[in-house]
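Spelled out from the first residue to the last, the chains are:
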Amino acid sequence: MAFDIYDASIPGLIHMLRSLSTILAKGEAHGGIDPSEARLAPDMLPLKAQVYIATDGAKGCGARLGGVDIPKYEDVETSFADLRARVAKTIDFLTGLDRAAFAGAENKHIVLKFPSTTLEYSGGDYVTRFVLPNVYFHITTAYDILRNKGVALGKSDYLGG
């Protein structure tokens, strides 16, 4: 079987979201960390926002490339348990996507509108130049926030099993 846009996106996103869940579980077990406040620097978003953005990026990718509606999350999760549930909900969404719906999605025209700019990509460039770097950045930042707070994390927690 040829490597395709589904293989280039969905399995890796699921894998990294599972790692994020492990990282969050270790943060919760460590105790004394408020996901609404914990951040690396005063001008950076807190831990909870890193999880929001990572999961939004992953579900947005799956939905856009798979031709389905993007699930709406209200961004109300503030506890580690709530954040892990959000990650699990995103993994469930991604695992439920129809692989066949991704056929030809590497050539799909993807438009992302933000308050200050609009970005346009082919499906392939969307995955490689936007989704994967963005999702991995926010998962890495969540890892770094918790590591900075004294949580015993290592590279194997980030890379997963």
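Just above, that's the structure.
Since this is a predicted model, take the numbers as computed values, not measurements.

**Student:** Even after reading the chapter, I still don't get the pattern of salt bridges, so can you show me in this structure?
**Tutor:** Once their charged atoms are close, side chains differing in charge can pair, the charge on each being opposite to the other. In the structure shown here, the tally under the stated rule is nine salt bridges. Of the charged contacts in the structure, one is a salt bridge between Asp 7 and Arg 99, with a shortest N-O distance of 3.0 Å. With a gap of 92 residues between them, Asp 7 in helix α1 (residues 5–30) and Arg 99 in the loop between α3 (80–95) and β1 (109–113) connect regions that are remote in the sequence. Assessed through its relative accessible area of 21%, Asp 7 is described here as partly exposed. Given a relative accessible area of 29%, Arg 99 falls into the partly exposed group. Linking Arg 129 and Asp 125 is a salt bridge whose minimum nitrogen-to-oxygen distance equals 3.5 Å. In this pair, Arg 129 and Asp 125 both sit in helix α4 (residues 123–148), four residues apart, roughly one turn of the helix. Classification of Asp 125 as partly exposed rests on a relative accessible area of 32%. Each member of the salt-bridge network shares a partner with another, and the members are Asp 56, Lys 59, Asp 75, Glu 77 and Arg 86.

Reading the values: the criteria
Residues numbered from 1 in each chain as written. Predicted model: local features only at pLDDT ≥ 70, side-chain atom pairs only at ≥ 80, totals over all residues. Heavy atoms only, no water. Salt bridge = Lys/Arg side-chain N within 4 Å of Asp/Glu carboxyl O. Helix = DSSP H or I, 4+ residues; strand = E, 2+ residues; numbered from the N terminus. Buried < 20%, exposed > 50% of the residue type's maximum accessible area, 1.4 Å probe, protein only.

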